[in-house]
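Descriptive analysis of the structure
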Amino acid sequence: MAPGWGFVPARLTNWSNNVHGLNMPEKRSQLLRQLWAAKASVAFLQETHFKGGDVPKLENRRFPLGFYANHQTAKKAGVAILFAQTTPFLHLASLMVPMGRYLFLKGTIADHAYTFACIYCPNRGQHTFLSWTLAKLERFREGLLVLGGDLNIPLDPRLDTSRGMIAVLAHSIRLTQRAMHKIGLVDCWRACNPEGRDYTHYSTAHAQYTRIDYIFLAQEFLNLLQGSEIGIISHSDHAPVLVHTSSPLFKPSERQWKLNETMLVDLELT
């Protein structure tokens, strides 16, 4: 469908958050409401804490399509990717790890190839995990690549921590940065805020705010980036990250009027 006939280009809002467990129905409901309020198109979730194949119902009519990678023996780790009803994702292939640390999806939206990836890094050895995982992603990816996740490490301690430093070896941070650069991933929030300071997590153990949650876009598609922001902490101990990109979809340029069918019932009764 072409623009100019009552339609304008739509955008994809990518939303990523460490949800700190979703086994309580109230938390799942709160999350879905928050996603809808944020007009999220694709949601990358980390630390779902679902176990094996025993996945509680998370999708609803507004987010009818969900994919999961869960820990096989315990309610820990776990990642998921949800798609809104407004995002017609046609799934073609998946790649995941049994320990619930990453999930890769490949498919199309309006005949355009997309790869969506969700990663939850361990608290230690992040650079080793990322080097191994991103090498798999590089072989799997096709089309536009979007990666959301909790890396458990700030990529630039000078700007991404409230104290300007962190108890992680500089060598580990350099290797982590190198792993991201190797496959051409760009930190979207930093691209929109080159010298900005904002944080996604507060560590009580270190009494420090850090930005350790990210959404990355493949460098060759950076021209599609329209904006990025960090939300507020609500149902989790991490703030969500939002990234807006242009998409091959279109939406009505004006709000469409719809008849309230209850009015017809009232007329029949009078």
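First, a word on what this report is: a plain description of the structure on this page. All of these numbers come straight from a predicted model, not from anything done at the bench. (Residues numbered from 1 in each chain as written. Predicted model: local features only at pLDDT ≥ 70, side-chain atom pairs only at ≥ 80, totals over all residues. Heavy atoms only, no water.)

What follows is about the pattern of salt bridges. Enumeration over the complete set of coordinates arrives at seven salt bridges. The salt bridge involving E220 is made with R141; its shortest N-O contact spans 2.8 Å. Note that E220 is positioned in the loop between β12 (213–218) and β13 (225–230) and R141 in the loop between α2 (126–140) and β8 (144–150), a separation of 79 residues in sequence. Between D160 and R190 there is a salt bridge, with its nearest N and O atoms 2.6 Å apart. Of this pair, D160 sits in helix α3 (residues 157–160) while R190 sits in helix α5 (residues 188–192); the two residues are 30 residues apart in sequence, bridging distant segments of the chain. Side by side, D160 and R190 carry an identical accessibility label, which is buried. Taken together, the salt bridges that share partners define one network made up of D160, D187, R190 and R211. (Salt bridge = Lys/Arg side-chain N within 4 Å of Asp/Glu carboxyl O. Helix = DSSP H or I, 4+ residues; strand = E, 2+ residues; numbered from the N terminus. Buried < 20%, exposed > 50% of the residue type's maximum accessible area, 1.4 Å probe, protein only.)

Before going further, it helps to spend a moment on the environment of H71. Of note, H71 is situated in the loop between β3 (65–69) and β4 (79–83). The class of H71 is buried, set by a relative accessible area of 5%. C-alpha separation for the pair H71 and T48, spaced 23 residues apart in sequence, amounts to 9.6 Å. If near-sequence neighbours (up to four positions away) are discounted, H71 is found in contact with F50, K51, G52, K76, P98, M99 and G100. Within the structure, the side chain of H71 is placed 3.1 Å from the backbone nitrogen of T73, a separation counted as a polar contact. Within the structure, the side chain of H71 is placed 3.2 Å from the backbone nitrogen of A74, a separation counted as a polar contact. (Contact = heavy atoms within 4.5 Å. Polar contact = N/O pair within 3.5 Å; in protein donor to acceptor, adjacent residues only side chain to side chain.)

Inspection of the entire model under this criterion finds 15 aromatic pairs. An angle of 50° between the planes, with centres 6.3 Å apart, marks the rings of F44 and F116 as tilted. Placement of the pair is F44 in strand β2 (residues 42–46) and F116 in strand β7 (residues 112–120), with a sequence separation of 72 residues. Residue classification places F116 among the buried positions, given a relative accessible area of 0%. Grouped by ring-pair contacts, the aromatic residues F44, F67, F83, F89, Y114 and F116 constitute a single cluster. Lying over the aromatic face of F140, K106 brings its terminal NZ or CZ to 4.4 Å of the ring centre. (Phe/Tyr/Trp six-rings, centres within 6.5 Å; stacked < 30°, edge-to-face > 60°. Lys NZ or Arg CZ within 6 Å of the ring centre and 35° of its normal.)

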